[in-house]
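A closer look at the structure
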Amino acid sequence: MTPTSLSCSGPHDHAGTPPWLQQLRERRRCVRAADFTRARQFVGRSGVVPLIHEAQLRARKSNAGRTRTVTLHALFIGMTLDSWRNQGRVVLAEVADILAHQLTPAARTQLALPTWPDDIDGFESAYLAVRRAFHAAEAVMDPSPLPKRRLARADVARLEREADQQDLATRRQLLVEVTNRLVEASLAPARTVIEEFWDGSAAVDATPIRTFSRGVSAKDPKTATDPDAAWYVRDGNHRDPATNPQEHIPHKGKKTRKAKRYLYGFEATLVVTGETSTTPLGGRPATTPDRSRHLPALVLAFTVHKPGHDPAGNAITALTDMRRRNYPTGWLAADRAYNAALPETFHIPVRDLGYRPIWDYRIDQLGIQDSHAGALLIDGTWYCPNLPSTLTTATGDLLTKKIDKHTWRARVDARASYRLRPKAAPDHRGGRRMLCPAAGTHPTVACPVKRRSLGRDPRLPLVDVTPTPAGHPEVCRRESLTFNRDIGIRHWQELDHGLAPWVHHYFRLRNRVEHFNGYAKDHEAIERSRTRRIRGIAAQSLLLSFQIAHANHRKLASWLDTLQTGGLPARRRPSNRHTQEPPRLDPQGLPPRQHPRSLIHPTPHTPPEQHKHIWPSANPQRARSRSTQQQSRSKRQSVALTGSIWSVDRGVRGGT
């Protein structure tokens, strides 16, 4: 929304007026009819009001009580308008002031809002009405049975034990659907363009977000004021060791380093759009690439949870909500926290949803990972059982510095000849028919067991078969073998780990999700606790959804300026000029193109000093430095990823 210079504050007597009310009056800007219409369309497009209203009707015990002054429809329209003005952040005090004094008479009539006087009592009445409506909305989708205050540890255990788990699961499902509907509303107008430029690839990752509550030690007899949150630990699986000491018992004779607590709050698991097809595999990118065809990193789904608590299950929840909205599927990149999960909690559901996972391995997961009918699963790929031992431990030897990168590359290339080849496409149950490397009309190795492979090509490596009393394994006695979907599913992946295709796909997808994390932290300040001053996981999730939706909108609007859509020419540098007449909407229904640019800096009619008193993050000096911070953050993340052992061939990596 583009604020205008028209102020809604009339003449007031400043004598006896508290400073906070005077600042609210000075910050008022009348909401234009076009902006109100776009906010109403956004809320209607999301469809969250009927969902929450039905849940409230089911939770009501009787029809007693008066009608609410602020309806759900009015509440979400006010929150949308405030998020557009405040870089995605929603402050209920500002929402109350918008609904009470900044809407046009026609808009107030449509929302059935009463008239509140512009004084302390009037603001208190409007604010309490907004606050009651907000808490009534988030209460029906709160998956936690705990009241939002300091509690004794014994009371927490009792409340969690006595809670109706089925009811909590229903609330959790409603919370995920409502918050992701708000995110989808920011993408729906450009859904056709997104599907045209996106191949279905995505990346999933979790990022920490603070809560406006001071954490306490696990030895404290009482919890923090926000008992739904927990400590985020930077190392390991990000879970506080004090919550589960059995997972952190030191090995005998080894010293353990004390975990560093980074923040007290939650983790947000984000599913971000990826892109894997811009640079040809094995080649360098074009000298003048067409950047306009690169879909920006957008969040399609997210969930909020305690740090380190069931990361795989929360990722599946977000991915399932994406499939509910009929998004295409493709490659999926995930870090080692998800690869370490149990197959039934992550690997099997991911493949059932239609994704093709790509992941990295810990050093203790390299080498021989599984076996089937004699075939060996090594670094995520099935190989001949007679693979030389030096080729089996190539990647592990590199990480332990037993060999250099050139030796590792030579061994990995030599190992490719022993790879089992797919004979046909997977069946409807996910089973794969794999061909022995010495079988078929075009063998890749020469094996004495399969004599037809001998003498075909003198350049083929000769397999050194080791005789055993039990005879040759089944994979050697047969031409091909069926591998069911669940065999080796925890480590198996379609791309060879460490080679050019894997490097190309994995790092491109991982860079995208890290980029969005840095972008949203710099511009929307999703990690700061001052942007969400309400306790509870439901309230935090609802406010975070507006911030993510705002980040999506900014990225989409900037990207659409580089495309020729609806007969409009591409504008790589959108104009910041504002006209008196409301500009018409883009063909996809997005707000005007100059809208996201106006949110970066305050309008010229708002004195900068007024921003830094109540909301320091809106200081123009900080706003001007955000782009520099974002560039430095992106550079650090890029260096952190590209500096790994897999950046062997810079020509293969290209622009990743």
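Reading the values: rules and limits
- Residues numbered from 1 in each chain as written.
- Predicted model: local features only at pLDDT ≥ 70, side-chain atom pairs only at ≥ 80, totals over all residues.
- Heavy atoms only, no water.
- Pairing = 2+ DSSP bridges.
- Helix = DSSP H or I, 4+ residues; strand = E, 2+ residues; numbered from the N terminus.
- Buried < 20%, exposed > 50% of the residue type's maximum accessible area, 1.4 Å probe, protein only.
- Contact = heavy atoms within 4.5 Å.
- Axes fitted to C-alpha atoms, helices over the stretch in contact; angles between N-to-C directions.
- Parallel < 35°, antiparallel > 145°, perpendicular 65-115°, else oblique.
- Left-handed = near helix turned anticlockwise from the far one by under 90°.
- Nonpolar A, V, L, I, M, F, W, Y, C, P; charged D, E, K, R; others polar.
- Core = buried A, V, L, I, M, F, W, Y, C linked by side-chain atoms within 4.5 Å.
- pLDDT = per-residue confidence, 0-100.
- Phe/Tyr/Trp six-rings, centres within 6.5 Å; stacked < 30°, edge-to-face > 60°.
- Lys NZ or Arg CZ within 6 Å of the ring centre and 35° of its normal.
- Salt bridge = Lys/Arg side-chain N within 4 Å of Asp/Glu carboxyl O.

**Some thoughts on the sheet that holds strand E12 (residues 480-483)**
Across a sheet, strands are paired by hydrogen bonds formed along the backbone, either parallel or antiparallel in direction. In spatial order, the strands read E10-E11-E12; together these three strands make up an open sheet with antiparallel pairing. Lying at the two open borders of the sheet, with one neighbouring strand each, are strand E10 (421-422) and E12. Sheet analysis places strand E11 (residues 432-435) next to E12, joined by four bridges and oriented antiparallel. Note that in E12 the partner of Met434 across the bridge is Leu481.

**Points about helix H13 (residues 343-352)**
An α-helical turn contains 3.6 residues, so any two residues separated by three or four positions project in the same direction. Most of H13 is tucked away: seven of the ten residues are buried. Listing the buried residues of H13 in full gives Pro343, Phe346, His347, Ile348, Pro349, Val350 and Arg351. Lining the buried residues of H13 we find helix H11 (311-324), strand E5 (331-334), helix H12 (336-339) and strand E6 (356-359). Phi turns positive one or two residues past the end of H13, at Gly354, with a value near 105 degrees.

**With respect to the packing of helix H4 (residues 72-85) against helix H19 (residues 537-560)**
Running from N to C, H4 and H19 cross one another at 50 degrees; their axes reach a closest spacing of 10 Å. By the angle class used here, H4 and H19 are oblique. Note that H4 runs across H19; the crossing there is right-handed. Across from Phe76, Met79, Thr80, Ser83 and Trp84 in H4, the residues of H19 making contact are Leu542, Leu543, Phe546 and His550. Classifying every residue of the contact of H4 with H19 by side-chain character gives six nonpolar, three polar and no charged.

**Observations concerning the nonpolar core**
One broad rule of soluble globular proteins: the nonpolar side chains tend to lie buried together. Ranked by internal contacts, the top residues of the largest apolar core, which has 51 residues, are Val70, Phe76, Met79, Leu103 and Phe134. Those elements that provide at least two residues to this core are helix H2 (33-46), helix H3 (48-59), H4, helix H5 (92-102), helix H7 (120-139), helix H9 (165-187) and H19. If one sorts the elements of this core by residue count, H4 sits on top with eight residues. When residues no more than four places from it in sequence are discounted, the contact partners of Leu103 are Val31, Phe36, Leu81, Ile98, Arg108, Leu111 and Leu113.

**Re the sheet that holds strand E8 (residues 375-378)**
The sheet built from three strands is open, its strands ordered E7-E8-E9 with antiparallel pairing. Bordering the open sheet on either side are strand E7 (368-372) and strand E9 (381-383), each of which pairs with just one other strand. The mean inter-strand angle of the sheet, taken between neighbouring strand axes irrespective of direction, is 30 degrees. Here E8 runs beside E9; their pairing, made up of three bridges, is antiparallel. Pairing of Leu376 across the sheet is with Tyr383, part of E9.

**A look at the confidence of the model for the protein chain**
Of all residues in the protein chain, 77% attain a pLDDT of 70 or more, and the chain-wide mean is 81. Confidence over residues 1-5 falls short of pLDDT 50; this stretch has 20 contacts with residues more than four positions distant or in other chains. Note on residues 245-257: pLDDT is under 50 here. Beyond four places in sequence and across chains, it has five contacts.

**Describing the pairing of E8**
Each regular strand shows side chains that alternate between the opposite faces of the sheet. With burial as the criterion, each face of E8 is covered, one bearing Ala375 and Leu377 and the other bearing Leu376 and Ile378. In this structure, the hairpin formed by E7 and E8 is closed by a connection of two residues, where Ala373 is found at a positive phi of approximately 55 degrees. Counting the residues that bridge the hairpin from E8 to E9 gives two residues, and of these Asp379 lies at a positive phi of roughly 50 degrees.

**Considerations on the packing of aromatic side chains**
A full pass over the atoms with the stated rule returns 13 aromatic pairs. Look at Phe42 and Trp84: their rings are 6.3 Å apart centre to centre, the planes differ by 70 degrees, and that puts the pair in the edge-to-face class. Pair noted here: Phe42 is in helix H2 and Trp84 is in helix H4, with a separation of 42 residues, a long-range link. When its relative accessible area of 7% is taken as the criterion, Phe42 is described as buried. Relative accessible area serves as the criterion here: at 8%, Trp84 is assigned to the buried category. Measuring from centroid to centroid gives 4.8 Å for Trp382 and Phe483, while their planes differ by 50 degrees, and the two rings are tilted. With Trp382 in strand E9 and Phe483 in strand E12, the pair connects residues that are 101 residues apart, well separated along the chain. Members of the aromatic cluster, connected to one another through ring pairs, are Trp20, Phe123 and Tyr127. The ring centre of Trp331 lies 3.9 Å from the NZ or CZ of Arg356, which sits over that ring. If you follow Lys555 out to its NZ or CZ, it ends over the ring of Tyr519, 4.3 Å from the centre.

**Quick look at the packing of H4 against H7**
Between H4 and H7, whose axes approach to 10 Å, the crossing angle comes to 100 degrees. Looking at the two axes, H4 sits roughly perpendicular to H7. Where H4 approaches H7, its residues Leu72, Leu75 and Met79 are matched on the opposing element by Val130, Ala133, Phe134 and Ala137. Residue composition of the contact of H4 with H7, grouped by class: seven nonpolar, no polar and no charged.

**Focus: the pattern of salt bridges**
Any two side chains of opposite charge can pair, so long as their charged atoms come close to each other. Throughout the structure, instances matching the rule amount to 36 salt bridges. For Asp496, the salt bridge identified is with Arg419, shortest N-O distance 2.8 Å. Placement of the pair is Asp496 in the loop between E12 and helix H18 (500-523) and Arg419 in the loop between helix H16 (405-415) and E10, with a sequence separation of 77 residues. Owing to a relative accessible area of 22%, Arg419 belongs among the partly exposed residues under this scheme. If you follow the salt bridges from partner to partner, you end up with Glu177, Arg181, Glu184, Arg191, Glu195, Asp321, Arg324 and Arg325 in one network.

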